[in-house]
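Spelled out from the first residue to the last, the chains are:
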Amino acid sequence: MSQKILLTSKEVDIILHRLACQLIEKHLDFSDTILIGIQPRGIYLAERLKALLEKEYKINDISLGFLDITFFRDDFRRTDKPIEANRTQIDFIVEDKKVIFIDDVLYTGRSIRSALTAIQSFGRPSEIELLVLIDRRFSRHLPIQPDYRGRQVDAINNEKVKVSWQEQDGEDAVYLVTTTNNQ
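Everything numeric here is computed off the predicted structure, so don't read it as measured data. (Residues numbered from 1 in each chain as written. Predicted model: local features only at pLDDT ≥ 70, side-chain atom pairs only at ≥ 80, totals over all residues. Heavy atoms only, no water.)

*Asks:* What exactly am I supposed to notice about the overall build of the chain here?
*Replies:* Within the chain, the regular secondary structure consists of 4 helices and 8 strands. Element order for the chain, N to C, with α for helix and β for strand: β-α-β-α-β-β-α-β-β-β-α-β. Whereas a compact globule of 183 residues would reach a radius of gyration of roughly 16 Å, the chain reaches 16 Å, a difference of no more than 12%. When its C-alpha atoms are laid out on the principal axes, the chain stretches across 50 × 40 × 30 Å. In the chain, which comprises 183 residues, the share counted as buried stands at 45%. For the chain, restricting intrachain contacts to residue pairs at least 6 apart in sequence, the fraction spanning at least 24 positions comes to 70%. For the chain, the exposed area adds up to about 10,100 Å²; of that, 47% sits on carbon and sulfur atoms. Averaging the locations of the 26 positively and 29 negatively charged side chains of the chain gives two centres separated by 4 Å. (Helix = DSSP H or I, 4+ residues; strand = E, 2+ residues; numbered from the N terminus. Rg over C-alpha atoms; globule rule 2.2 N^0.38 Å. Buried < 20%, exposed > 50% of the residue type's maximum accessible area, 1.4 Å probe, protein only. Contact = heavy atoms within 4.5 Å. Areas by Shrake-Rupley, 256 points an atom, 1.4 Å probe, with all protein chains shown as cover. Lys, Arg positive; Asp, Glu negative; His and termini not counted. Charge placed at Lys NZ, Arg CZ, Asp CG, Glu CD.)

*Asks:* Would you explain the sheet that holds strand β4 (residues 98-106) in this entry?
*Replies:* Taken in spatial order, the 5 strands line up as β3-β2-β4-β5-β6 in an open sheet, and their pairing is parallel. Of all the strands in the sheet, just β3 (63-67) and β6 (148-154) have a single pairing partner and so form its edges. Averaged over all pairs of adjacent strands, the angle between strand axes in this sheet comes to 25 degrees, irrespective of strand direction. Where helix α2 (residues 42-55) meets the sheet, its contacts fall on β2 (33-38), β3, β4 and β5 (127-137), and the angle it forms with β4 comes to roughly 125 degrees. Across the sheet, helix α3 (residues 110-119) touches β2, β3, β4 and β5, and the angle it forms with β4 is around 155 degrees. (Pairing = 2+ DSSP bridges. Axes fitted to C-alpha atoms, helices over the stretch in contact; angles between N-to-C directions.)

*Asks:* For this particular structure, what's the right way to read unusual backbone geometry?
*Replies:* For residues other than glycine, phi is negative in most cases, and the peptide bonds are mostly trans. Between Q39 and P40 the backbone carries a cis peptide bond, its omega angle lying at 0 degrees. With respect to the helices and strands, the residue P40 is situated in the loop between β2 and α2. Positive phi, close to 65 degrees, is recorded for F30, a residue that is not glycine. With respect to the helices and strands, F30 occurs in the loop between α1 (9-27) and β2.

*Asks:* What is the right way to look at α2 in this model?
*Replies:* A turn of α-helix holds 3.6 residues, and therefore any two residues three or four places apart point the same way. The end-to-end C-alpha distance of α2 is 20 Å, a good match for the 20 Å that 14 residues give at a rise of 1.5 Å each. If you check which residues of α2 are buried, you get G42, I43, Y44, L45, A46, R48, L49, L52 and L53. Where α2 is buried, its residues meet α1, β2, β3, β4, β5 and α4 (166-169). (Expected span 1.5 Å × (residues − 1).)

*Asks:* Please clarify how the sheet that holds strand β1 (residues 2-7) should be interpreted in this entry.
*Replies:* Backbone hydrogen bonds are what pair the strands of a sheet, in a parallel or an antiparallel way. An order of β1-β8-β7 is seen for the 3 strands of this open sheet, with the pairing classed as antiparallel. Unpaired on one side and paired on the other, β1 and β7 (159-164) mark the two borders of the sheet. Adjacent strand axes in the sheet meet at a mean angle of 30 degrees when their direction is disregarded. Of the pairings in the sheet, the one linking β1 to strand β8 (residues 173-178) comprises 5 bridges and is antiparallel in character. Opposite Q3, over in β8, you have V177 as the bridge partner.

See below:
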């Protein structure tokens, strides 16, 4: 196994600011907009963006929720290991709001398809957008594309994108991890 750094901590920080500015351009004061972090790893990106919008850009009262999609996945019964769900935390009205799904990596699109199904339990949004830190091209199983992307990565077969967050992993970085066939 080998890994190559795709984004350093400084580059992640620059991308987070750019994504925050793109959100402000489209949503201004966020009065009708809700941020939803997709569990488990989208929550770190969602929390960071909310903090940036509030501290750096002085936008208050941003609604942030976390959505667990475990039991909405089309592959959740295809494993022998026990499934551990995360916690959904959405304590506001979704009906007629603009929802921005936030996840760290867009890969096959299956997680986002699951999120689209799961959010319906909370009402019918007026609009749903997708923001991802990393958009893996050439891997999509479904016709899902991000509205906001930090970086586009061309990863193939035995390559995996690994996002590390300070809160979880002790550093902000993105790696391209290559595994050999015998690992």
